[in-house]
Structures are given as structure tokens and as C-alpha cells.
Amino acid sequence: MLQVKNLKKTYVSKGKKVEAVKGITFETEKGEIFAILGPNGAGKTTTIKSILRLIIPDEGEIYINGIDVHKHPSHALKYVSAVLEGNRNIHWKMTVYENLKYFGYIRGLGGKYLKSRISEILEFVELTEKKNELAGKLSRGMQQRLAIGIALLPDTPLILLDEPTLGLDVESSLKVRQMLEKLAKDGKTILLSTHDMQLVEKVANHVLIINKGRVVVSDKKEKLLDAFKKKRFKISFLSNNGYKELEKFGTVVEENGEKILNIQIDNMDQLYEVLEHFKNKNIEIKRLESVMVNFEEVFVNIVRGDEDGLS
Ligand SMILES: Nc1ncnc2c1ncn2[C@@H]1O[C@H](COP(=O)(O)OP(=O)(O)O)[C@@H](O)[C@H]1O
Ligand SMILES: [Mg+2]
């Protein structure tokens, strides 16, 4: 659906160069929720704006539905709509309904079709009851839903969202999440940028982690979680002696009067070494289990690993 190849962008402001994106490559599949995850300044917005041609990249190729965005921008961009950060596309002094009508016209819709499309969208984004309210008077969450509604008007197969849950409360974030899931189920391809771990953990199929303009990891979310799960272990012991030994290997906590050792390993050999050590010291193990990790831990570990590698 979307292919980005070796995207590069350097900004020059006040004589200073900022290499925002240093060669990013990825590809999305139809019907998936593809998340670009990265800390502030990682290059997420630059990537999204480059796809939309709101920024002209220095290098790289972008294809939407197989069409080269650089060579045939107006054709390629017919297949994509976007919700950018900060709802810049909403007119505050128009009502919800007027906004949808106005942007419908802009995207070349009209007549009965536009009218029924607007009703459909109002239902979908749960704003039917608010249709005559001024956009500027809505809550932040409702404004975001209106922005999403506007992006849905032309019914494009690809939808880009830059930080769709930024600044939203828990309930509004949940609504946005559910909408994205429904859209993907309907076969839409969703590309979103975020640093909201909950959003990634709950809805993403594929995760592209970028840091300082480079791809650190690109994989299915489940695979990333699995890989990390295999690295964290919880060990409990039969005997009550030798705690001093334990602390060399990880952190010791007490659970229900039992000492539990939490360890993190880079490969299985390390785990065997630890087990061998306990055997030699006659410390008997009662239980060994891998520990569930949440996506935030995965992310922090990956980005930290990346930073270590760079220094
Ligand atoms: N218009 C601009 N001029 C100069 N530097 C910019 C501009 N836009 C973004 N940057 C810089 O490029 C880097 C990437 O920014 P951005 O793509 O907005 O990252 P993100 O969306 O991941 O926070 C940052 O260091 C940012 O300060
Ligand atoms: Mg951004």
C-alpha cells in the first residue's frame, strides 16, 4: 500500500543543519495498523509530511498504491488522507457539520452523496449530537474525532495520523483507538506516528521504532513482545540460603514471604550459566518462569540499546 525507500531530509535553519531523517525504509501491508514509534525529535512528523509531500525530501522514493509520489503527486495523493498534529485542518468558527461540508467540497464531493457520507461519518466519530456546535467549542477529544471524520470523507484506502492521541484524556484515546481498529478491519491501511505506548500495545500490528532519524527496529508487534519475553525471567528457590549470591545476577524482591530473583539475559547461554552457578552452590530452584513485558519496556530497552551502541 505504501512504500518508503531510503528517505532522507536535512533541515537548514539559521545556517545550522539538522539531519531529521537519515535513510528510513519501510513498507505497509493492506489493512494493517503500522505504528511509527519514537521519542520527540526522532523524525516521525518529517516522515509523515514527506509522504504527503508537505515536505520535499532530499532523497528517497515514496510509492502510494504503487504510484510514485514525487513523479505523480496529484495521482498518488488521491489514495491518502491525513490527520496532522494539532488539528490544523479544522475551522474553529464553523460548526461540526459545516466543517465536514466544507472539506467535502474541497475533496470534490457534493450533492446527495456528500450529505449521506457526512451522516455516516458523524455516526462513526460519534458527533451526530454535536453537529451544530462550533468546532472551537468542542472538547479536545471531540475536535480530534472531527479531524478524523474530515480525513475519512474521501474514503481513501490509506490514512495517516500524526500523534492521534496526543493530549487526549483516557476515554478519548480509547475512542480513537477503537475507531482505528474498526477502520483497519474494514481494510483501510493505517499509518500512525506516536509515542503513546498504550496505543501501540493495543492496536498496532507492525511497529517501526525510529530514533534520531534512523530505523532501530521494524517488526510485527507480537514478535517484538515475544523476543523480550524470552529475555526476562523470574526465579524462586526452595532453600532459604545464599541470598548474597542472588544479588549478583539481578534484583531480588520478596513475594509472599518468598525471595524472587528477577534477571534479564541477552541470550540463553547466560541463563544456563546462572542456573549452573546455583547448582554448584547447592541453591535449589523451585520455579523458573519468563516474565510478561509491556510495550513500554520493550521500547525503552530498544532505544537505550541504540543509544549505547552510538556512544
Ligand atoms: N522546520 C524545521 N526546521 C528545522 N528543524 C526542524 C524542522 N522541523 C523539524 N526539525 C527538527 O528535525 C528533527 C525531527 O523532527 P520531527 O520530524 O518533528 O520529529 P518527531 O515528529 O519525531 O518529534 C528534530 O530535531 C526537529 O527539531
Ligand atoms: Mg512530531
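All values derive from a computational prediction rather than experimental measurement.

Here is what the cut-offs are and how they apply
Residues numbered from 1 in each chain as written. Chains lettered and ligands numbered in written order. Predicted model: local features only at pLDDT ≥ 70, side-chain atom pairs only at ≥ 80, totals over all residues. Heavy atoms only, no water. Pairing = 2+ DSSP bridges. Helix = DSSP H or I, 4+ residues; strand = E, 2+ residues; numbered from the N terminus. Axes fitted to C-alpha atoms, helices over the stretch in contact; angles between N-to-C directions. Contact = heavy atoms within 4.5 Å. Parallel < 35°, antiparallel > 145°, perpendicular 65-115°, else oblique. Left-handed = near helix turned anticlockwise from the far one by under 90°. Nonpolar A, V, L, I, M, F, W, Y, C, P; charged D, E, K, R; others polar. Domains from an automatic or database assignment. Buried area = accessible area lost by both parts, 1.4 Å probe. Salt bridge = Lys/Arg side-chain N within 4 Å of Asp/Glu carboxyl O. Polar contact = N/O pair within 3.5 Å; in protein donor to acceptor, adjacent residues only side chain to side chain.

1. Looking at the sheet that holds strand β11 (residues 232–237)
Consideration 1: With antiparallel pairing, the 4 strands of this open sheet are ordered in space as β12-β13-β11-β14. Two strands in the sheet have a free side with no partner beyond their single neighbour: β12 (251–255) and β14 (285–290). Within this sheet the neighbouring strands show an average axis-to-axis angle of 25°, counted without direction.
Consideration 2: Sheet topology places β11 next to β14; 5 bridges connect them, and they run antiparallel. Residue pairing for β14: S236 is matched across the bridge by R287.
Consideration 3: Relative to β11, helix α10 (residues 268–280) is tilted by about 10°, and along the sheet it contacts β11, β13 (258–264) and β14.

2. Structural notes on the packing of helix α3 (residues 96–106) against helix α5 (residues 140–152)
Consideration 1: It is the contact of α3 with α5, at a shortest axis distance of 9 Å, that shows an interaxial angle of 25°. Our classification of the angle between α3 and α5 gives roughly parallel. Our pair here, α3 against α5, has a crossing hand that is right-handed. In this structure, α3 contributes V96, N99, L100 and F103 to the contact, and α5 contributes L146, G149 and I150.
Consideration 2: For the contact of α3 with α5, the class distribution of residues is 5 nonpolar, 2 polar and no charged.

3. Let's talk about the domain arrangement of the chain
Consideration 1: For the chain, the domain assignment lists domain 1 (2–220) and domain 2 (230–310).
Consideration 2: Between the C-alpha centres of domain 1 and domain 2 the distance comes to 41 Å.
Consideration 3: On the side of domain 2, 9 residues touch domain 1, which itself brings 12 residues to the contact.
Consideration 4: Summing both sides of the interface, domain 1 and domain 2 together bury roughly 950 Å²; the carbon and sulfur share of this comes to 76%.
Consideration 5: Seen at the junction of domain 1 and domain 2, the total is 0 salt bridges.
Consideration 6: Our count for the contact surface shared by domain 1 and domain 2 stands at 0 residue pairs in polar contact (both at pLDDT 80 or more).
Consideration 7: Going through the elements one at a time, α7 (197–203), β9 (206–211) and β10 (214–220) are the ones with two or more residues in the side of domain 1 that touches domain 2.
Consideration 8: By residue class, the composition of the side of domain 1 that touches domain 2 is 8 nonpolar, 2 polar and 2 charged.

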